[in-house]
Amino acid sequence: MPLQQITIASALGLNVQANSFSVPDGSFEQAENVVFANDGIIRKRRGFSTLTAAATMTNPTTLLEYLGFLFVCQNNLISRVNTSTGALTSLSGAMTINAGSKARSAKANGNLYVATADGVRKLESSSATVLQAGIPRGLDLDISTNSAVRTGVLKPNDAVGYRVLFGRLDANSNKVIGAPSEISTRSNAWLNGVTQASYTFVTTTVTVNLTGVSALLSVSDTVVISGATGTNPPNGTWTVASVVANSFTFVVTSAPTSTGTLNFGVFRTPILEFSLPSEATTEYFYQVYRTTQPGSSIATVSDDGQLIFQANVLSAQVTAKFITFTDTINELFKDASLYTNSSQEGIAKSNLRPPFATDIAVFQDCMFFGNTASFQSLNLAIVTVAAATFAAADFIEIKQGATTRRYIATTSAPTAGFTGVSSAVTWNFGYPDASGFSYFQLTNSTSTTISSAITATAKSLCKAINRDSSSPCNGYYLSSGDALLGQFLLQSRTLAGVAFSVRANTDTSASAFSPLLPASFSAGTQVTSNNSTEQNAVYFSKPQQPEAVPGVYTIPVGAKTSAIIRIVALRDSLLVIKADGLFVIRGNSPSTFSVQQLDSTIICVAADSVSVLNNSVYMLSNQGVVAASDAGAQVLSRNIETLFTAIIGKSNIATETNAVSYESERLYLLSTMNPNSNSADVVYCFNTVTSAWSTWTNTFNDSIVLSSDDKLYVLGNVIAELTKERKLQNRLDFAEKSFAGSSAIIITPLSCELSFTIPVAIEVNDSIFHAATGTINQILSISSATGTPIYTFRNPVSWIALDVLELFKPIRSAIKTSPLTLGDVSRWKQFSEFIISFRNRTASALTISFSNDSSGTSIDTAWSQNNSAQSGWGFEWGSLWGGDSINSVLTTQASQPARTYVPVLICRGTFIQGTVVHSVAAESCEIQSLSYSARAYSPRVSK
Amino acid sequence: MNTTELLASIKRGIAVPANQNRFTDVDMLALADEETQTKLLPVLLSMRQEYLVRAATVPLVALQRAYPVPARAIGRTVRQVTLLQGANRFLQPYIQPEDSNRYLNVQTTGTSSGFFFEGDNIIIVPTPNSATASLEVKYEIQCSSLTDVANAAVITAINTAGNFITVSAVPSTIIVGRVCDFIQGAFGNAILEIDFTVTNISGLNIFFAALPTSIAVGDWLSPATTTPVINLPREMHQVLAQAVECRLLEGLGDFEGLQASGQKLTEKTQAMLTLLSPRQKGAQQKIVNHNGFLNRGYNRSRNRWN
């Protein structure tokens, strides 16, 4: 029987799952460090150069891209990476990124949002401080009036309410508005109280009688008369003409004709005092919203505030930790309604800060937050301020972790012995004393009504907490309307999830609080904050306001006991990947967002395997690698399924698996474990166009393709260094690490000594790049006979002694075909010749071996290009003298095929497998076909 | 043609890949040896042109009847046996072993009258009773096994007084105590001298107990029974290469190629025969009647008639 030619002209990638005798020709059992990017071509992958050494970073976890810059999360900081030198510039603003965890990120409104262990952080530029996303809600708000000022906007026998909020115009001109404070009201009752005062008159001069009125009014004050009885009563607004101890007069235009009684009052000017959030800077502004006045000092104030004032926070106010605003704004200048008014969005849609989330994504202009947790919160109430229970010098302490803050009750400003930062004159609630203790005003019930005393004390305590820059929490006074007085909320300032506890100094003072506080942090029933962890919840922001997340903007997804693993935005939907399957959120606005289950059988086994590619979500699941979209999911890894079924049950599969998408190369790269390994040691590489799998060896903890240069950056897992894909589009791309050095003594035209001080050995098949001539030369042999190694090169060297050189280490690429049987596996064959055809003349050397049914491997055959055969026309100039050109070749080029005979001990068998290894630095290897010459024996021979 | 050239010719002939482990160079040279022995030597010997004949002289030992056939004699055959006694040469006729008894009682001093074979020995009769003569045995020597040229050394100088030769490079295969052959470097590539033991090596100088007189600069020194050049006429080299190519194609299972190559081998062999025989082209061959009346002198015929 004549020789037959078996040619594999179309490489199909790894195929190890199926019966190896039934896979199509072009299947491979090994395809290491290659890509099947071009249809049917096996191509060496590009290499990676060290960008930032492992020693430069501390616990690097995540790579981020923002504004074309590369950032690395390390040492609980976000550091900008110089992609040329690898130098790091850490941005100010620390955060917590747990080792082994990824900081998910999303871009919106020109900012980058990063989900960290202590909440969502925000980058507004490549160099600005990293901030906590969102604006803190308005804190305490006190409204007072000055009894000596009897003019202003607050009408007599009326009331007014205020809310304040903070905002900030970020670096990208986004106006970020926080949630407003609780509404605080101030009433202005008749000066005569609930009982009308009597009046008399002499012609047009009206005299009003009220004991002690001289303390309330002065001559020329404007006084409002209302509800006067009698004939032709003197209702209206008049000017006080005279005041004596127990009466005052005013002149009316039309004299009453009888005496009677009346109410009188004066205008007031509200004075607002509100605390600044501890993180507020002069970049913040504040807005004051004033309600309409209901017309009665005892009527309920409508929550219909309109903007009356906005101003930037001043540095003095930052220092003082509070702002005082005197409301003299005329009603005519009331501006926009507060967005939380019932006529607007409603208070339920306050712009709360984003919750803690394990993942974030932008979909339909809204920022989505998955697997969330709220701020740590603790509701408390002061139930008594009786002096016997709660007295001056009593205190409470708030403890979070190793931080304990003390708040001491005082019945007056601590002028004696106070050694805090501020003097006694300017003492306020924000300044701790020398011991770090803060003070709050205890209003005992002996000085006012019980309700007022409780309210004042509770508010004062909140104020003291809010102005303590080291406090772990803020205080919000809650009681309003008919609610039980004295209630307040303590809420943590960060989303780190660390609970805080509260105690009083004695059991007696502890009884002033509800729930009952312990007197010790180590004994008794502890009163501790908690947060709401919603592992199946998705929260979302208002459209185009990624930092405004109303509490009602949430969708529970699937079972409450199954956590959200990832949320990923596609073009028309948001895919929610949960432990109980795949869900999809559709809609185009907060009011239309709804969730549906997409697939309950696909369970993602590694959160970091999730990556978006070609508008589909790729992930490692219980069914191998799948691509999911809002239309469904498709298994992609059938050809190598056995490799995945062996690892998906491993306990550390989630921590050892990471993935990245490479759109321009159409690759999904999955770094994970080999079946017989317990740590990541292989990267599965899937080309979405050719649907071919190969493997790479450079496993990673995280990786990213930077859009600004379209290069792959890799954070290694074995060595936590940052490496950068070589992508100069020339031969230098096909090498791993490189080292700088120089030439030394030139021995012969083909050999020389080198001077490199590097941590690795110089080996055969390393290549030397000579930048001055742009040529590269391969080390063929090394001789150490004379002590100093002499390196012999493939081509005559182009450099002279002391020239600057760069040494490149090779990438080892290997392929092994699936068994080739000539169509009949039962029949013996003689395989005689093996030919590898290249697309271009870039591979200079290969190692070829074979295996068959009787032998696992043959001896290696070293194949190399024959230079002398390429000296004619048709080959690049420069390929023979001084080294090869570094220019890449992208089309078919005259090239020697690699041709060899199958070794004698392996040439006879029922099948054959060829293994080809290329391991020469700085040269590509593009294989277009593999072919065998073979002859089938007579069937008799086989049986 | 040396072995490097032979290998290049073989590889060129059927385009053997430059890098392969199916057939090593050693494999190919071994195949060449096989083809030499099984194809070329029979052809060469069939022409009876005395190509490979050489002589070995063995002193007779008193009362010793058996002398071994030279170790390298092809087929354990001899071409001619002659008794050398002083200046006289007595051609020893081959007698039938059955006739040997006729010579048992004839013992002259140190002489013999004929010979026959007994196993691998030449038996001379009658057995000499003294050691006064020698036996010259002419035989056709085997071609040595081909070896890489790197295993042999080219003689660059000869120092007869010092009993050493200078070589271009001393191969690792030649060490003190190694028995070597001298191979003709010029065309013909005959085995000049055999079985010389190296006594010392100093730099590029290789010493022997004594040097043969037949060697010249350009000749090869090679370990005994090996040769870096083909010990056959130049015209046979391409036939040998072709024969090896056939073996390679056969080994590869390329029967189509084998058929074509075999055809070419036949053609080359025919051409070779016309080149090699007759060895003398002009003179007429003289037929000598050894038993004729005029050729019956004492010295020439005494053995026949004893």
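Residues numbered from 1 in each chain as written. Chains lettered and ligands numbered in written order. Predicted model: local features only at pLDDT ≥ 70, side-chain atom pairs only at ≥ 80, totals over all residues. Heavy atoms only, no water.

Asker: I'd love a proper account of the overall build of chain B, names of residues and values included.
Answerer: Scanning chain B from terminus to terminus reveals five helices and 15 strands. With the C-alpha coordinates aligned to their principal axes, the bounding extent of chain B is approximately 70 × 50 × 40 Å. Expressed as a percentage of the 306 residues in chain B, the buried residues total 46%. Within chain B, residue pairs in contact and separated by at least 24 positions form 67% of the contacts whose partners lie at least 6 positions apart. Per element, the accessible surface of chain B, about 15200 Å² overall, is 53% carbon and sulfur. Separation between the mean location of the 25 positive side-chain charges and that of the 24 negative ones in chain B comes to 10 Å. (Helix = DSSP H or I, 4+ residues; strand = E, 2+ residues; numbered from the N terminus. Buried < 20%, exposed > 50% of the residue type's maximum accessible area, 1.4 Å probe, protein only. Contact = heavy atoms within 4.5 Å. Areas by Shrake-Rupley, 256 points an atom, 1.4 Å probe, with all protein chains shown as cover. Lys, Arg positive; Asp, Glu negative; His and termini not counted. Charge placed at Lys NZ, Arg CZ, Asp CG, Glu CD.)

Asker: Lay out the overall build of chain A in plain terms, naming residues and giving numbers.
Answerer: Along chain A, the regular secondary structure elements total five helices and 71 strands. In terms of C-alpha radius of gyration, chain A reaches 40 Å, well past the compact-globule figure of 30 Å for 943 residues. Considered along the principal axes of its C-alpha atoms, chain A spans approximately 140 × 60 × 60 Å. Taking all 943 residues of chain A together, the buried fraction comes to 56%. Residue pairs in contact within chain A that sit at least 24 positions apart in sequence constitute 66% of those at least 6 positions apart. Here chain A holds 59 positive side-chain charges and 62 negative ones, and the gap between their average locations is 2 Å. (Rg over C-alpha atoms; globule rule 2.2 N^0.38 Å.)

Asker: Could you give an account of unusual backbone geometry, with specific residues and numbers?
Answerer: The amide bond that connects Ser 514 of chain A to the next residue, Pro 515 of chain A, takes the cis arrangement and shows omega of -5 degrees. Relative to the helices and strands, Pro 515 of chain A resides in the loop between strand E38 (513–514) and strand E39 (527–528). Cis geometry is adopted by the peptide bond preceding Pro 126 of chain B, which originates at Val 125 of chain B and carries an omega value of -10 degrees. Along the chain, Pro 126 of chain B falls in the loop between strand E6 (121–125) and strand E7 (134–140). Residue Asp 710 of chain A is not a glycine yet carries a positive backbone phi of 55 degrees. Even without being glycine, Gln 729 of chain A reaches a positive phi, approximately 60 degrees. Mapping Gln 729 of chain A onto the fold places it in the loop between strand E56 (722–725) and strand E57 (738–748).

Asker: Please provide a residue-by-residue account of the interface of chain A and chain B, values included.
Answerer: Taken together, the contacts link 20 residues of chain A with 15 residues of chain B. For the chain A and chain B pair, buried surface summed over both sides reaches about 1400 Å², with 53% attributable to carbon and sulfur atoms. Three residues stand out in chain A for area buried against chain B, namely Leu 3, Arg 899 and Tyr 901 of chain A, and they jointly supply 42% of the buried area on that side. On inspection of chain A and its partner chain B, the count reaches zero salt bridges. Across the chain A-chain B interface, the total number found is nine residue pairs in polar contact (both at pLDDT 80 or more). Those elements that place two or more of their residues in the side of chain A that touches chain B are strand E64 (829–838), strand E66 (861–864) and strand E68 (898–901) of chain A. Top contributing element to the side of chain A that touches chain B by residue count: E66 of chain A, with four residues. A breakdown of the residues in the side of chain A that touches chain B according to their chemical character gives eleven nonpolar, five polar and four charged. (Buried area = accessible area lost by both parts, 1.4 Å probe. Salt bridge = Lys/Arg side-chain N within 4 Å of Asp/Glu carboxyl O. Polar contact = N/O pair within 3.5 Å; in protein donor to acceptor, adjacent residues only side chain to side chain. Nonpolar A, V, L, I, M, F, W, Y, C, P; charged D, E, K, R; others polar.)

Asker: Pulling in residues and values, what's your account of the confidence of the model for chain A?
Answerer: Low pLDDT means the predicted atomic positions in that stretch should not be read closely. All names here are of chain A. Put simply, chain A has an average pLDDT of 90, and 94% of its residues get 70 or more. Between residues 416–426, whose pLDDT stays under 50, and residues either more than four places distant or in other chains, the model counts 14 contacts. Within the model, the stretch residues 868–882 combines pLDDT values under 50 with 31 contacts to residues more than four positions away or in other chains. (pLDDT = per-residue confidence, 0-100.)

Asker: How would you sum up the sheet that holds E6 of chain B? Please name residues and give values.
Answerer: Residue and element names in this part refer to chain B. Across the sheet, which stays open at both edges, the three strands sit in the order E2-E6-E5 with antiparallel pairing between neighbours. The open sheet has two edge strands, strand E2 (66–68) and strand E5 (114–118), and neither has a second partner. Sheet twist, expressed as the mean angle between neighbouring strand axes with direction ignored, is 35 degrees. (Pairing = 2+ DSSP bridges. Axes fitted to C-alpha atoms, helices over the stretch in contact; angles between N-to-C directions.)

Asker: Break down the packing of aromatic side chains for me, with residues and values.
Answerer: Residues and elements named next belong to chain A. On inspection of all chains with the given rule, the structure shows 39 aromatic pairs over all chains. Arranged with centres 6.2 Å apart and planes meeting at 50 degrees, the rings of Trp 828 and Tyr 937 form a pair that is tilted. In this pair, Trp 828 sits in the loop between strand E63 (813–817) and E64 while Tyr 937 sits in the loop between strand E71 (926–936) and helix H5 (939–942), placing the two residues 109 residues apart along the sequence. Among the aromatic side chains, those forming a connected cluster through ring pairs are Tyr 618, Phe 644, Tyr 668, Tyr 684, Phe 686 and Trp 693. Taking the ring centre of Trp 696 as reference, the NZ or CZ of Arg 45 above it sits at 5.5 Å. The ring of Phe 437 has Arg 406 sitting right over it, with the charged end atom 4.3 Å from the ring centre. (Phe/Tyr/Trp six-rings, centres within 6.5 Å; stacked < 30°, edge-to-face > 60°. Lys NZ or Arg CZ within 6 Å of the ring centre and 35° of its normal.)

Asker: Which residues make up the side chain of Arg 45 of chain A, and what values do they have?
Answerer: Residue and element names in this part refer to chain A. Within the element layout of this structure, Arg 45 appears in the loop between strand E5 (42–44) and strand E6 (48–52). At a separation of 2.8 Å, a polar atom in the side chain of Arg 45 contacts the side chain of Asn 33. Within the structure, the side chain of Arg 45 is placed 2.6 Å from the side chain of Glu 736, a separation counted as a polar contact. Excluding residues within four positions of it along the chain, Arg 45 makes contact with Asn 33, Val 34, Val 35, Trp 696, Thr 697, Asn 698, Phe 734, Glu 736 and Ile 811.

Asker: Account for helix H2 (residues 450–466) of chain A, with residues named and values stated.
Answerer: In this model, H2 of chain A (17 residues) spans 24 Å end to end at C-alpha, consistent with the 24 Å of a helix rising 1.5 Å per residue. Listing the buried residues of H2 of chain A in full gives Ala 453, Ile 454, Thr 455, Thr 457, Ala 458, Ser 460, Leu 461, Cys 462, Lys 463, Ala 464, Ile 465 and Asn 466 of chain A. (Expected span 1.5 Å × (residues − 1).)

Asker: Could you give me a rundown of the sheet that holds E39 of chain A, with the residues and numbers involved?
Answerer: Residue and element names in this part refer to chain A. Strand order across the open sheet formed by five strands is E34-E33-E32-E37-E39, with mixed pairing between neighbours. Strand pairing shows two members of the sheet lacking a second neighbour, strand E34 (438–441) and E39, which therefore form its edges. Bridging between strand E37 (residues 501–504) and E39 involves two bridges; their strand directions are antiparallel. In the strand pairing of E39, Val 502 is matched with Val 527. The sheet strands contacting H2 are strand E32 (395–400), strand E33 (403–410) and E34, and the helix crosses E34 at an angle near 155 degrees.

Asker: Describe in detail the packing of helix H3 (residues 234–252) of chain B against helix H4 (residues 255–276) of chain B, supporting the description with residues and values.
Answerer: Residues and elements named next belong to chain B. Closest axis-to-axis distance for the H3/H4 pair is 9 Å, and the angle between their directions is 165 degrees. By the angle class used here, H3 and H4 are roughly antiparallel. As for the relative orientation of H3 and H4, their crossing is left-handed in sense. Residues Glu 235, Met 236, Gln 238, Val 239, Gln 242, Ala 243, Glu 245, Cys 246, Leu 249 and Glu 250 of H3 touch H4, and the partners they reach there are Phe 255, Gly 257, Leu 258, Ser 261, Gly 262, Lys 264, Leu 265, Lys 268, Thr 269, Met 272, Leu 275 and Leu 276. (Parallel < 35°, antiparallel > 145°, perpendicular 65-115°, else oblique. Left-handed = near helix turned anticlockwise from the far one by under 90°.)

Asker: Please give an account of the nonpolar core that cites residues and values.
Answerer: Taken as a class, soluble globular proteins show a tendency for nonpolar side chains to be buried jointly. All names here are of chain B. Counting residues in hydrophobic clusters, the biggest one holds 58 residues, and the most contacted among them are Leu 6, Leu 44, Ile 122, Leu 135, Leu 232, Leu 240 and Leu 248. Those elements giving two or more residues to this core turn out to be helix H1 (3–14), helix H2 (25–46), strand E3 (80–85), E6, E7, strand E12 (191–202), H3 and H4. The element contributing the most residues to this core is H3, with ten residues. Beyond its immediate chain neighbours, meaning those up to four positions away, Leu 44 contacts Tyr 51, Leu 52, Leu 232, Pro 233, Met 236 and Leu 276. (Core = buried A, V, L, I, M, F, W, Y, C linked by side-chain atoms within 4.5 Å.)

Asker: Account for the environment of Ser 858 of chain A, with residues named and values stated.
Answerer: All names here are of chain A. With respect to the helices and strands, the residue Ser 858 is situated in the loop between strand E65 (845–852) and E66. When its relative accessible area of 12% is taken as the criterion, Ser 858 is described as buried. Distance from Ser 858 to Thr 723, taken between C-alpha atoms, is 36 Å for residues 135 residues apart in sequence.

Asker: Break down the pairing of strand E21 (residues 222–226) of chain A for me, with residues and values.
Answerer: Residue and element names in this part refer to chain A. Examined bridge by bridge, E21 and strand E22 (residues 236–244) share four bridges and lie antiparallel to one another. When the bridges of E22 are listed, Val 223 appears paired with Trp 238. Note: E21 against strand E24 (residues 260–265), three bridges, orientation antiparallel. Counted as the bridge partner of Ile 225 is Phe 264 from E24.

Asker: So, H2 of chain B: which residues are in play, and what are the values?
Answerer: The end-to-end C-alpha distance of H2 of chain B, which contains 22 residues, comes to 30 Å, matching closely the 32 Å that a straight helix rising 1.5 Å per residue would cover. Arg 48 of chain B, located one to two residues past H2 of chain B, shows a positive phi value of around 50 degrees.

Asker: Just give me the short version of the environment of Ala 228 of chain A, but keep the residues and values in it.
Answerer: All names here are of chain A. Within the secondary structure, Ala 228 is located in the loop between E21 and E22. On the basis of relative accessibility, which here comes to 13%, the residue Ala 228 falls in the buried class. Linking Ala 228 and Thr 259, residues 31 residues apart in sequence, is a C-alpha distance of 9.2 Å. Ignoring sequence-local partners within four residues, the contact set of Ala 228 consists of Tyr 199, Pro 233, Pro 234, Asn 235, Thr 261 and Leu 262.

Asker: Account for the confidence of the model for chain B, naming residues and giving values.
Answerer: Residue and element names in this part refer to chain B. In this model, chain B carries an average pLDDT of 89, and 92% of its residues clear a pLDDT of 70 or more. Here residues 298–306 is a poorly scored stretch, pLDDT under 50, and it has 19 contacts once near neighbours within four places are set aside; other chains count. Confidence metrics for the complex model read pTM 0.86 and ipTM 0.79.

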